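# Notes for the structure review
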Amino acid sequence: GPHTLTLTGLPQDGIAFAISRQSIEQPALPFSQGTHAGRRVLLGDPVRRSDTLVRSASGELDLTFASTPAYAVLDLGRVTHGRLQAEISGPSGTVLDVGWDERLWQDRRPLPYPGSFHPEWNQTDSWVLDGSTRSIRTIDARAGRYILVAVWGTAPVRLDKVRVFEERYPVVQRGTFRSTNPQLNRIWQVGVDTLYPNMQDGYADPWRERGQWWGDAFVDDHSNRVAFGDASLLKRGLALMAEGFAAGRPVALAPNGAGNSMLDYGMLWVQSLNDYLQETGDTHVPSELYPVLRNFIAYLGTYENRAAGLLDTPVAPWWQTAYIDPLGYNDRYGQSTALNAMYYGTLRDAATIAEEIGNTGDTSAWWAKADLVKQRINASLYLPDQHRFLTSILNGKPINPSPHAQAWALAYGVVPDDEVEGVVSSLKQLISPDPSRPNVEIYGMFWILEALGRTGHIQEALDLTQLYYGRLLNLGATTWWENFTANTRYNNSLSHGWGSAPTWFLTTYVLGARRTGPNSWEVRSNLAGQLPSAGALPLKDGELVATWSSTDCAGARLDLVVPSGSSGEIVLPGTDPSLVLTLNGTIVWHDGSPTVGSVQKQPDGIYLTLESGRYSLDIARRCYHTYLAIMR
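Residues numbered from 1 in each chain as written. Predicted model: local features only at pLDDT ≥ 70, side-chain atom pairs only at ≥ 80, totals over all residues. Heavy atoms only, no water.

## Things to note about the overall build of the chain
When you go through the chain residue by residue, the secondary structure sums to 14 helices and 27 strands. Expressed as lengths along the three principal axes of its C-alpha atoms, the size of the chain is roughly 90 × 60 × 55 Å. Residues counted as buried form 56% of the 632 residues belonging to the chain. In the chain, once contacts between residues fewer than 6 apart in sequence are set aside, the share between residues at least 24 apart is 70%. When the accessible surface of the chain is totalled, it reaches about 26,700 Å², and 50% of it is carbon and sulfur. (Helix = DSSP H or I, 4+ residues; strand = E, 2+ residues; numbered from the N terminus. Buried < 20%, exposed > 50% of the residue type's maximum accessible area, 1.4 Å probe, protein only. Contact = heavy atoms within 4.5 Å. Areas by Shrake-Rupley, 256 points an atom, 1.4 Å probe, with all protein chains shown as cover.)

## Some words on helix H6 (residues 284–301)
Here H6 contains 18 residues, and its C-alpha end-to-end distance of 26 Å stays within 8% of the 26 Å for a straight helix at 1.5 Å per residue. Among all positions of H6, only Val285, Pro286, Leu289, Tyr290, Leu293, Phe296, Ile297, Tyr299, Leu300 and Gly301 are buried. Those residues of H6 hidden inside the fold are in contact with helix H4 (232–244), helix H5 (263–280), strand S10 (304–305), strand S11 (310–311), helix H7 (337–356) and helix H8 (360–381). (Expected span 1.5 Å × (residues − 1).)

## A word on the sheet that holds strand S19 (residues 542–550)
If you walk across this open sheet you meet the eight strands as S9-S18-S19-S20-S27-S22-S23-S24, and the pairing is antiparallel. Sheet topology places strand S9 (176–179) and strand S24 (593–594) at the edges, where each strand pairs with a single neighbour. Direction of pairing for strand S18 (residues 533–539) relative to S19: antiparallel, over a ladder of seven bridges. Counted as the bridge partner of Leu537 is Leu544 from S19. Docked against the sheet, helix H13 (residues 501–510) engages S9, S18 and S19, running at close to 70 degrees with respect to S9. (Pairing = 2+ DSSP bridges. Axes fitted to C-alpha atoms, helices over the stretch in contact; angles between N-to-C directions.)

## Some words on the side chain of Asp221
Structurally, Asp221 is set in helix H3 (residues 214–227). Within the local environment of Asp221, its side chain forms a polar contact with the side chain of Tyr203, the two groups lying 3.2 Å apart. Excluding anything up to four places from it in sequence, Asp221 contacts Tyr203, Asp230 and Leu234. (Polar contact = N/O pair within 3.5 Å; in protein donor to acceptor, adjacent residues only side chain to side chain.)

## Focus on the sheet that holds strand S25 (residues 599–602)
Adjacent strands of a sheet form backbone hydrogen bonds with each other and so pair up, either parallel or antiparallel. Strand order in the open sheet formed by five strands is S16-S17-S21-S26-S25, and the pairing between neighbours is mixed. The strands lining the two open edges of the sheet, one partner per strand, are strand S16 (513–517) and S25. Each strand of the sheet is rotated relative to its neighbour by a mean of 25 degrees, with strand direction disregarded. Across four bridges, the pairing between S25 and strand S26 (residues 605–610) is antiparallel. Bridging from a neighbouring strand, Gln602 pairs with Gly605 of S26.

## Brief notes about the nonpolar core
Ranked by internal contacts, the top residues of the largest apolar core, which has 148 residues, are Tyr265, Trp269, Leu560 and Leu581. By residue number, the principal contributor to this core is H7, which donates eleven residues. Grouped together as the second largest cluster of nonpolar side chains are 20 residues, Phe65, Ile88, Trp127 and Ile136 included. (Core = buried A, V, L, I, M, F, W, Y, C linked by side-chain atoms within 4.5 Å.)

## Comments concerning the packing of aromatic side chains
In this description, a pair of aromatic rings is defined by centroid distance and the angle of the planes. In this structure the tally under the stated criterion is 27 aromatic pairs. Note on Tyr443 and Trp498: the rings are 4.4 Å apart at their centroids and 20 degrees apart in plane angle, and the pair reads as stacked. Linking Tyr443 in the loop between helix H10 (420–430) and helix H11 (445–454) with Trp498 in the loop between helix H12 (458–474) and H13, this pair joins segments that are 55 residues apart in sequence. Take Trp498: its relative accessible area is 4%, and that puts it in the buried class. Here Arg103 stacks its cationic end above the ring of Tyr490, 5.2 Å away from the centre of that ring. (Phe/Tyr/Trp six-rings, centres within 6.5 Å; stacked < 30°, edge-to-face > 60°. Lys NZ or Arg CZ within 6 Å of the ring centre and 35° of its normal.)

## Re H4
Residue pairs spaced three or four apart in an α-helix point in one direction, given the helix's 3.6 residues per turn. If you check H4, its first and last C-alpha atoms are 19 Å apart, about what 13 residues at 1.5 Å a residue would give, namely 18 Å. Within the sequence span of H4, burial applies to Leu233, Leu234, Gly237, Leu238, Leu240, Met241 and Ala242. Those residues of H4 that are buried lie in contact with H3, H5 and H6.

## Quick notes on the environment of Leu234
Among the secondary structure elements, Leu234 is positioned in helix H4. Put simply, Leu234 and Asp275 are 41 residues apart on the chain and 9.5 Å apart in space, counted from C-alpha to C-alpha. Excluding residues that lie within four positions of it along the chain, Leu234 makes contacts with Tyr203, Trp214, Asp221, Ser272 and Tyr276.

## Overview of the pattern of salt bridges
Under the criterion given, the structure shown has 26 salt bridges. Glu166 is paired through a salt bridge with Arg168; the nearest N and O atoms lie 3.0 Å apart. By relative accessible area, which is 30% here, Glu166 ends up partly exposed. The exposure class assigned to Arg168 is partly exposed, which follows from its relative accessible area of 34%. A salt bridge links Arg208 to Glu482; its shortest N-O distance comes to 2.3 Å. Here the residue Arg208 occupies a position in the loop between helix H2 (182–198) and H3, and Glu482 occupies one in the loop between H12 and H13, the gap between them amounting to 274 residues. Residues joined by salt bridges that share partners form a network here, namely Asp221, Arg225, Asp275 and Glu279. (Salt bridge = Lys/Arg side-chain N within 4 Å of Asp/Glu carboxyl O.)

## A look at unusual backbone geometry
The residue after Ala155, namely Pro156, is reached through a cis peptide bond having omega 0 degrees. Among the secondary structure elements, Pro156 is positioned in the loop between strand S7 (142–152) and strand S8 (157–166). In this model, Ala254 is joined to Pro255 through a cis peptide bond whose omega is 0 degrees. Its identity as a non-glycine residue notwithstanding, Arg210 has a phi of 55 degrees, on the positive side. We classify Arg210 as partly exposed; its relative accessible area is 34%. Within the chain, Asn256 stands out as a residue other than glycine whose phi angle is a positive 60 degrees. Relative to the elements of secondary structure, Asn256 occurs in the loop between H4 and H5. Its relative accessible area of 64% is what places Asn256 among the exposed residues.

## Quick word on the side chain of Asp125
By secondary structure assignment, the location of Asp125 is in strand S5 (residues 124–128). A polar contact of 3.0 Å, which involves the side chain of Asp125, links it to the side chain of Arg142. Among all residues touching Asp125, those that are not within four sequence positions of it are Leu96, Asp97, Val98, Thr138, Ile139 and Arg142.

## Remarks on the packing of H6 against H7
At a minimum axis separation of 11 Å, H6 and H7 run at an interaxial angle of 145 degrees. Judged by the sense of rotation from one axis to the other, the crossing of H6 with H7 is left-handed. On H7, the residues touching Pro286, Tyr290, Leu293, Ile297, Leu300 and Gly301 of H6 are Tyr343, Thr346, Leu347, Ala350, Ile353 and Ala354. When its residues are assigned to classes, the contact of H6 with H7 shows ten nonpolar, two polar and no charged. (Left-handed = near helix turned anticlockwise from the far one by under 90°. Nonpolar A, V, L, I, M, F, W, Y, C, P; charged D, E, K, R; others polar.)

Right, here's the structure in full:
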């Protein structure tokens, strides 16, 4: 019968639509509605058919469509970058559309092509059957958690041996983490599961744009270190980024930076270059890229306010100045605490690189400049009566403190020792207690956790992790999202590697293990509320395996398996006069002093140097509450 269709708010280039009825005959369906596979899968609302049969065995699916049009939705369990393969048979002229997406539209089906408003999304492939049995495979790798299989034409159609082959960077998970808290264990592993689709020929989101933005890569690489221990992808990314720098001006993503130039992403490139140097011992790459590094440091200097001695960035689009965090709007401009804290850390890392490759002139100049920047941050941006840093000074006007300003200052070691506790307290007060209304996004959470971990506030970091990331688990996340509320916006990714900071944090600060060289390591604990945990840290030639367990009210035990050819240090606080350390049955620390030569007291703690082998370290301290009870 007659129908009236009214459209309002049309885009300038029009909108494509189609009307169909089930009884339409071949060959009119589907090509009369266009050869655009994505538009075909938008037609109508799919309904359940009792005559579509699914059989699963040995990791394969068999699908039988007894009538058409018909569809099936496959749930892969997490976002996957890969290809679908199957053996298909059906009448000649039948059309098969296969599309991928990260989410279900209205909890019903994926939208591999969400429509003309999102023309950049079209993760759909098509085949026209010729009446014979064929083996088909997705032409280009796709990404998503859900796969829509739609069949148009004459039935019956069979898809046998349906499989999905994941394509990812060739790494094997070598790192592990487990604790007495199942939720934290899940959070650690979801970070690893997020890395899989985000590690291809570069660090890149597999669904949204496949662009290697260096802020994303910086966080991804930290998690890679504790999960896979690979440095080759970092090496490749550093070179790709360096090729995009022009006369010192940085690029934010490469290759094909498309005019993006962000100071903070450039500074993270320098920090990643130093990370690569320290973890691999390879001086060739830093030497080769050193001219780019020198030009970039000089370029940063052009943003300095000479009177203030700090970077002073103009108000402009973030892709031309700095990003900091999706919610760090005010931290991007003026004399920003967060940006200048990064500047301080970048100068220090640049000086370290210069020293390692023998450029002593740059070393001394950049160390001196770093010290000056730190002094100026504390002199100009710190409010001692509030124990808070201003967000920024923009055009002479102070901008009220933000959580980013406190976290970045703590994470890069800008805060004077006697002010650390006050600034940590301010940071905790400033962070939103409601994870559904965050004021720091999932990207910025890396620096929040680093700030709390670096200052020994492990429990506060764990509470925050469970609050924010636990909410995402409750919402069904199996890979970490681009933002904490990405489920409310279609064009936000649900598989963004920059959300994997807890994986790095849990290994580094809860297990306490970090790599300090190709085959060197450090296990550090502040012993205050040490969470019973166990895990493995990848090294060049094996894995360091550490297990923490509780022994009594104040004691702990650390069991270590140190792989052949490696060496490292256990670092513990030495402030408790009752502390007794027993290594493999021999007392090595007693009455505030070492009893063997492999143990040393240094300003920041007690250092136990170990070579390859198996060790059990018993840590005994006086139980003060028991002692007081006896005294009473």
